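Here is what each chain is made of, one letter per residue.
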Amino acid sequence: PYLVTKEGFNDYAGSVTVSGEPFTEYIEIQLATYTVSFDVIDNDVEIPINGATVSLAGYGTQISDENGTVHFEGVYAATELEWTVEATGYSNETGTMVVDGDENQQVAMTGIYNITFTIIDATDDHVLENALVDFGVFGEQYTDEWGNAMFTNIPPVNNLPYTASHPGFSNN
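Here the structure is a predicted model, which means the values were calculated and not measured.

Chemist: Before we move on, could you go through the packing of aromatic side chains and cite the residues and values that matter?
Modeler: If you walk through the whole model with that rule in mind, you get 8 aromatic pairs. On the basis of an interplanar angle of 80° and a centroid distance of 6.1 Å, the ring pair of Phe-38 and Phe-72 is categorised as edge-to-face. Placement of the pair is Phe-38 in strand E3 (residues 33-42) and Phe-72 in strand E6 (residues 69-76), with a sequence separation of 34 residues. The same class applies to Phe-38 as to Phe-72, namely buried. Ring geometry for Phe-117 against Phe-151: centres 5.8 Å apart, planes inclined by 85°, an arrangement best described as edge-to-face. Placement of the pair is Phe-117 in strand E10 (residues 113-118) and Phe-151 in strand E13 (residues 148-154), with a sequence separation of 34 residues. Residue Phe-117 is classed as buried on the basis of its relative accessible area of 11%. The class of Phe-151 is buried, set by a relative accessible area of 3%. Linked through ring pairs, Phe-117, Phe-135, Phe-138, Phe-151 and Tyr-162 together constitute an aromatic cluster.

What follows is the structure in structure tokens.
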């Protein structure tokens, strides 16, 4: 019996019978493949995220199950395999991984939020259209006819500064 091994390939075992005549034994070995799994959770409450889209470069896209899990089968060894995870209401997560065996990638996703500012006249509580809301690095917006200015995809951060202004009104 003999055993052929090479890093990154499946081992191959066999046997030959030597009968006194020269011969050549041709052996085909197969590239090794692995399973790459992702566990996707909410970073704040540490619960699985069902329905996250997980992409693995060269291996397609899968949707996480109720356990926040996906499995990619038949993945070849790689040193910088790129991946992306997207889920509604969360910031996208991306990265690279080394695949040299079965791998399990934990992905903790951070929620993103929509923030609506409603600007009203403090003297009679009516809404102010065309008030300017300056939300720093997230930009500026004018309020609509209902006095609202909405900013989307805001990460959870404490004490974000903002200002609201309207001609003829003071900022209190």
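Still more ground to cover, so stick around.
Chemist: Would you mind going over the pairing of strand E4 (residues 53-56) in detail, with residue names and values included?
Modeler: What you see with E4 is a clean split: Val-54 and Leu-56 sit on the buried side and Thr-53 and Ser-55 on the side with no burial. Hairpin connection from E4 to strand E5 (residues 60-63): 3 residues lie between these consecutive antiparallel strands, with Gly-58 at a positive phi of about 85°. With 4 bridges connecting them, E4 and strand E7 (residues 78-86) associate as antiparallel partners. Residue pairing across strands places Thr-53 opposite Glu-86, the latter belonging to E7.

Chemist: Residue-level account of the side chain of His-166, with values.
Modeler: Tracing the sequence through the fold places His-166 in the segment after strand E14 (163-165). Among the polar contacts made by the side chain of His-166, one reaches the main-chain carbonyl oxygen of Glu-129 at a distance of 2.9 Å. The residues contacting His-166, other than those within four sequence positions of it, are Leu-128, Glu-129, Asn-130 and Ala-131.

Chemist: Requested: an account of the sheet that holds E4, with residues and values cited.
Modeler: With antiparallel pairing, 4 strands are arranged side by side in an open sheet as E5-E4-E7-E8. Taken across any chain shown, the strands that pair with only one partner, and hence form the sheet edges, are E5 and strand E8 (93-99). Taking the axes of each pair of neighbouring strands and ignoring which way they run, one obtains an average angle of 25° across the sheet.

Calculation notes
Residues numbered from 1 in each chain as written. Predicted model: local features only at pLDDT ≥ 70, side-chain atom pairs only at ≥ 80, totals over all residues. Heavy atoms only, no water. Phe/Tyr/Trp six-rings, centres within 6.5 Å; stacked < 30°, edge-to-face > 60°. Helix = DSSP H or I, 4+ residues; strand = E, 2+ residues; numbered from the N terminus. Buried < 20%, exposed > 50% of the residue type's maximum accessible area, 1.4 Å probe, protein only. Pairing = 2+ DSSP bridges. Polar contact = N/O pair within 3.5 Å; in protein donor to acceptor, adjacent residues only side chain to side chain. Contact = heavy atoms within 4.5 Å. Axes fitted to C-alpha atoms, helices over the stretch in contact; angles between N-to-C directions.

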